[in-house]
Amino acid sequence: MNPAGSRLPLRQAAQLALDSTILLAIAGLLGGLVNTLRPEATRLPWVSDWDRHIETLAFRAGIPVTFLQGARQRVGDAATAILDARSEDEYAAGHLPRALSLPVAEADRRILDYAHRLTPDTPILVYCGGADCDDALELAKRLREFGFRDLTLYPGGLAEWRDYGGDVLAGAPP
Amino acid sequence: MIRARPLFIWLARIAVAAVFLGACIAKIRDPEAFALATHRYRLLPGELVNAVAILLPWLELTCGVALLAGPRRARAAAAFLLAGMLLVFTGAISLNLLRGIEASCGCFTTRADAAVSDGWNLLRNGALIWLSAMIFLNAWRAPARSKTS
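Here the structure is a predicted model, which is why all the values come from computation and not from measurement.

Regarding the packing of aromatic side chains
Residues and elements named next belong to chain B.
Then comes step 1: Under the criterion given, the structure shown has three aromatic pairs over all chains.
Then comes step 2: Aromatic pair Phe 80 and Phe 136: ring centres 5.7 Å apart, planes at 40°, arrangement tilted. Of the two residues, Phe 80 is situated in helix 4 (residues 72-99) and Phe 136 in helix 5 (residues 119-148); the sequence distance between them amounts to 56 residues.
Then comes step 3: On the basis of relative accessibility, which here comes to 40%, the residue Phe 80 falls in the partly exposed class.

Written out as structure tokens, the structure reads:
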């Protein structure tokens with residue numbers, strides 16, 4: 001038995017723990033310092049209320065969420081219905097290609113307008129103005145109560161779609 | 001004559017360091033977008049999301065620099081931490097794929113039009129874990145080799 005040899009891994013493990021802690025401390029100091037020195041507009045608070053974020057609310061409600069790439073695929077897929085949850089005026093000012101107007105406040109009445117186009121299994125993408133609005137989530141929940149099963153929320157909404165160069169159409173709903 | 005193993009370890013260090021140094025840029029530039037990408041994994045409590053978004057890119061940067069230019073002990077620690085991070089990232093991506101959560105990995109870009117995570121992310125991470133492990137073992141065994149030689 002070689003006592004010096006058996007001590008080597010232990011000593012090395014202690015060194016590794018110390019060296020890893022040093023690297024973590026350097027990263028922590030740099031991260032904290034740079035975040036503190038950032039202009040206020042880009043500084044990230046150490047804690048935000050993510051529980052109220054629209055995607056958290058959708059996750060808790062069991063409504064699947066998609067992002068820009070998924071929204072593009074669905075807009076390009078004629079089998080998917082695209083529903084705009086904002087008011088008719090907002091829809092008229094600009095909406096996603098193929099989108100139908102279904103303001104959340106009028107969903108109970110207006111859903112009948114689309115009864116011939118939507119079945120419970122029709123894939124549906126709902127959106128509103130952007131990450132700060134909850135109309136689309138509320139509409140998705142309402143549609144689920146109506147019996148629609150294949151619902152997806154696009155939380156980025158029109159704002160993100162437009163920011164990334166997506167086609168935006170104008171005009172009142174038919 | 002060039003010995004194959006030192007050359008391989010040297011190339012592995014450059015490759016892994018380059019990946020992580022490249023990966024931290026977008027996250028440091030836009031911490032809010034990276035916080036959202038972190039939140040989309042739905043694995044961390046909300047209270048920890050921002051702290052991770054603030055600190056993780058700097059850990060990637062620190063480890064990348066240590067791997068590239070640090071002494072042997074720093075390289076071992078950096079490779080150890082990077083392998084650990086990669087294991088956590090891979091577990092998180094796997095879990096999201098299993099749960100059917102459609103999200104980009106947030107690895108190299110925080111843009112909204114980033115590709116959604118898929119099996120390629122797991123393969124890439126697997127390769128990086130293997131390279132990090134090789135670098136770590138090489139640095140870890142160096143003193144033992146010098147004692148026995």
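That shown, we press on.
Points about the environment of Pro45(A)
Then comes step 1: Positionally, Pro45(A) belongs in the loop between helix 1 (3-37) and helix 2 (54-61).
Then comes step 2: What makes Pro45(A) partly exposed here is its relative accessible area of 44%.
Then comes step 3: Spatially, the C-alpha atom of Pro45(A) lies 30 Å from that of Thr152(A), the residues being 107 residues apart in sequence.
Then comes step 4: For Pro45(A), the residues in contact, after removing those within four places along its chain, are Asn50(B) and Ile54(B).

Quick notes on the side chain of Ser101(A)
Residues and elements named next belong to chain A.
Then comes step 1: Its place among the elements puts Ser 101 in strand 2 (residues 99-101).
Then comes step 2: Using a relative accessible area of 1% as the deciding quantity, one classes Ser 101 as buried.
Then comes step 3: When neighbours within four sequence positions are excluded, Ser 101 is seen to be in contact with Asp 84, Arg 86, Glu 88, Tyr 91, Arg 110, Tyr 114 and Pro 173.

As for the sheet that holds strand 1 (residues 81-84) of chain A
Strand pairing in a sheet relies on backbone hydrogen bonds, with the paired strands running either antiparallel or parallel.
Residues and elements named next belong to chain A.
Then comes step 1: Within the open sheet, the four strands sit side by side as 2-1-3-4. Their pairing is parallel. Looking at strand neighbours, the two that pair on one side only are strand 2 and strand 4 (151-154), the edges of this open sheet. Neighbouring strand axes in the sheet, compared pairwise and without regard to direction, differ in orientation by 30° on average.
Then comes step 2: Pairing analysis gives three bridges linking strand 1 to strand 2, with the strands arranged parallel. Bridged to Asp 84 within strand 2 is Ser 101.
Then comes step 3: Against the sheet, helix 3 (residues 68-75) touches strand 1, strand 3 (124-127) and strand 4, its axis set at about 125° to strand 4.

Digging into the interface of chain B and chain A
Then comes step 1: Listed by partner, the interface residues are 45 residues for chain B and 42 residues for chain A.
Then comes step 2: Of the roughly 3,700 Å² buried between chain B and chain A on both sides combined, carbon and sulfur atoms contribute 64%.
Then comes step 3: Taken together, chain B and chain A are joined by four salt bridges.
Then comes step 4: As a salt-bridge pair, Glu55(A) and Arg42(B) come within 3.6 Å of each other at their nearest N and O atoms.
Then comes step 5: Our enumeration of links across chain B and chain A arrives at 13 residue pairs in polar contact (both at pLDDT 80 or more).
Then comes step 6: Secondary structure elements with two or more residues in the side of chain B that touches chain A: helix 1 (4-29), helix 2 (31-39), helix 3 (46-69), helix 4 and helix 5 of chain B.
Then comes step 7: Here the side of chain B that touches chain A takes 13 residues from helix 3 of chain B, the largest share from any one element.
Then comes step 8: Considering only residue class, the side of chain B that touches chain A consists of 29 nonpolar, four polar and twelve charged.

Definitions and cut-offs
- Residues numbered from 1 in each chain as written.
- Chains lettered and ligands numbered in written order.
- Predicted model: local features only at pLDDT ≥ 70, side-chain atom pairs only at ≥ 80, totals over all residues.
- Heavy atoms only, no water.
- Phe/Tyr/Trp six-rings, centres within 6.5 Å; stacked < 30°, edge-to-face > 60°.
- Helix = DSSP H or I, 4+ residues; strand = E, 2+ residues; numbered from the N terminus.
- Buried < 20%, exposed > 50% of the residue type's maximum accessible area, 1.4 Å probe, protein only.
- Contact = heavy atoms within 4.5 Å.
- Pairing = 2+ DSSP bridges.
- Axes fitted to C-alpha atoms, helices over the stretch in contact; angles between N-to-C directions.
- Buried area = accessible area lost by both parts, 1.4 Å probe.
- Salt bridge = Lys/Arg side-chain N within 4 Å of Asp/Glu carboxyl O.
- Polar contact = N/O pair within 3.5 Å; in protein donor to acceptor, adjacent residues only side chain to side chain.
- Nonpolar A, V, L, I, M, F, W, Y, C, P; charged D, E, K, R; others polar.

What is shown is where atoms sit, not what they do.
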